[in-house]
Amino acid sequence: MTVVDVVRARVADGQHRWGRLTVRPVDRTLWSSRTLTVFAPGTSRRERAWLRAWHAWVVVGAVAAVVTLAITSALPAGAAFGAAAAVYAAGFGVLGAVTRRSRRQVRSVTVTTHHGEHGVTLHGDVHLLDESLDTLTVLERAMQRGRLTPVEFEVVWADVWNALPPR
């Protein structure tokens, strides 16, 4: 496997082929959260890449809008801001259309934690999130080491996906 193949796989599949874990640390409101997002089993590499692009567009689109502002800085301010807004909105429009079906099939579970004056308070199904994440992570490692076939992994992935609440 070449470096290009590794980078291509990482961009398409991200850290995990089944989805992602998003961790938001404690902020000034004393809340933190963890969200486990699981793609539908059978989601193709292309669909996963589009879903990751949709998720990343909030930041990537903002960067693209700033670049657009820099490029159009010679234009009147209204035109430059309009072009930047159009780039940002167009990204959401295109990615939204491309991922419409795939996004409806994504399932997730979120656990929020309040780190307050009287201790830590958890909200959400902690057991479901932890068990699902552990199952997917352990089985993904087993598949990467050749101890599990991709089909066997996908069967368990489907079990985890089915255990998560639908949108």
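Residues numbered from 1 in each chain as written. Predicted model: local features only at pLDDT ≥ 70, side-chain atom pairs only at ≥ 80, totals over all residues. Heavy atoms only, no water.

Could you clarify how one ought to interpret helix H6 (residues 150-163) in this entry?
Each α-helix turn comprises 3.6 residues. Residues three or four places apart therefore point the same way. Over its 14 residues, H6 extends 20 Å from the first C-alpha to the last, a length consistent with the 20 Å expected when each residue adds 1.5 Å. Every buried residue belonging to H6 is among Phe153, Trp157, Val160 and Trp161, and all of these are buried. Viewed end-on, H6 has its buried residues packed into an arc of 100°, placing them on one side of the element. Set apart from the buried face of H6 by more than 90 degrees, the exposed residues are Val151 and Asp159. Taken together, the buried residues of H6 touch strand E2 (31-38), helix H4 (100-105), strand E3 (107-116) and helix H5 (126-144). (Helix = DSSP H or I, 4+ residues; strand = E, 2+ residues; numbered from the N terminus. Expected span 1.5 Å × (residues − 1). Buried < 20%, exposed > 50% of the residue type's maximum accessible area, 1.4 Å probe, protein only. Arc of directions from axis to C-beta. Contact = heavy atoms within 4.5 Å.)

How should the packing of H5 against H6 be read in this particular structure?
At a minimum axis distance of 10 Å, the contact between H5 and H6 shows a crossing angle of 170°. Between H5 and H6, the interaxial angle falls into the category roughly antiparallel. Facing Leu128, Ser132, Thr135, Leu136, Leu139, Glu140 and Met143 of H5, the residues of H6 in contact are Pro150, Phe153, Val156, Trp157, Val160 and Ala163. (Axes fitted to C-alpha atoms, helices over the stretch in contact; angles between N-to-C directions. Parallel < 35°, antiparallel > 145°, perpendicular 65-115°, else oblique.)

What exactly am I supposed to notice about unusual backbone geometry here?
The general pattern is negative phi for most residues beyond glycine and trans for most peptide bonds. A positive phi angle is found at leucine 30, which is not glycine, with a value near 70°. The residue leucine 30 is located in the loop between strand E1 (19-24) and E2 in this model.

When you look at a nonpolar patch on the surface in this model, what are you seeing that I'm missing?
A cluster of nonpolar side chains, contributed by Val58, Val59, Val63, Val67 and Ile71, occupies part of the molecular surface with about 470 Å² of accessible area. Residue position: valine 63 is located in helix H2 (residues 45-71). (Patch = residues over 30% accessible without salt bridge, like charges linked within 9 Å, V, L, I, M, F, W, Y side chains within 5 Å. Areas by Shrake-Rupley, 256 points an atom, 1.4 Å probe, with all protein chains shown as cover. Salt bridge = Lys/Arg side-chain N within 4 Å of Asp/Glu carboxyl O.)

Mind showing me how you'd approach the side chain of threonine 113 here?
Tracing the chain through its elements places threonine 113 in strand E3. Not counting residues up to four positions away in its chain, the partners in contact with threonine 113 are Leu30, Trp31, Ser32, Val120, Thr121 and Leu122.

Explanation requested: the environment of tryptophan 161 in the structure shown.
When you line up the elements, tryptophan 161 lands in helix H6. When its relative accessible area of 15% is taken as the criterion, tryptophan 161 is described as buried. The spacing of tryptophan 161 and valine 106 is 55 residues in sequence and 8.5 Å in space, taken between C-alpha atoms. Setting aside chain neighbours within four positions, we find tryptophan 161 in contact with Val38, Phe39, Ala40, Pro41, Gln105 and Arg107.

Would you mind showing me how to read the sheet that holds E2 here?
In sheet architecture, strand pairing relies on hydrogen bonds along the backbone and comes in two forms, parallel and antiparallel. Spatial strand order, E1-E2-E3-E4: four strands in an open sheet with antiparallel pairing. The open sheet has two edge strands, E1 and strand E4 (119-123), and neither has a second partner. Shown here is a sheet whose adjacent strand axes are inclined to one another by a mean of 10°, direction ignored. By the bridge criterion, five bridges tie E3 to E4 in an arrangement that is antiparallel. The residue of E4 that forms the bridge with histidine 115 is valine 120. Sitting on the sheet, H5 is in contact with E1, E2, E3 and E4, with an inclination near 50° to E2. (Pairing = 2+ DSSP bridges.)

Hey, could you run me through the pairing of E1 in this one?
Every regular strand shows the same layout, with side chains that alternate between the two sheet faces. Across six bridges, E1 lies against E2 in antiparallel orientation. Across the sheet, the residue bridging to threonine 22 is threonine 35, located in E2. Counting the residues between successive antiparallel strands, the hairpin from E1 to E2 contains six residues, one of them, leucine 30, with a positive phi of roughly 70°.

Help me understand helix H3 (residues 77-98) in this model?
Over its 22 residues, H3 runs 32 Å from end to end, which matches the ideal 32 Å to within 8%, given 1.5 Å per residue. Along H3, the residues classified as buried are Ala80, Ala84, Gly91, Leu95 and Gly96. Buried residues of H3 fall within an arc of 145° about the axis and therefore sit on the same side.

These results come straight from atomic positions and should not be treated as a statement about function.
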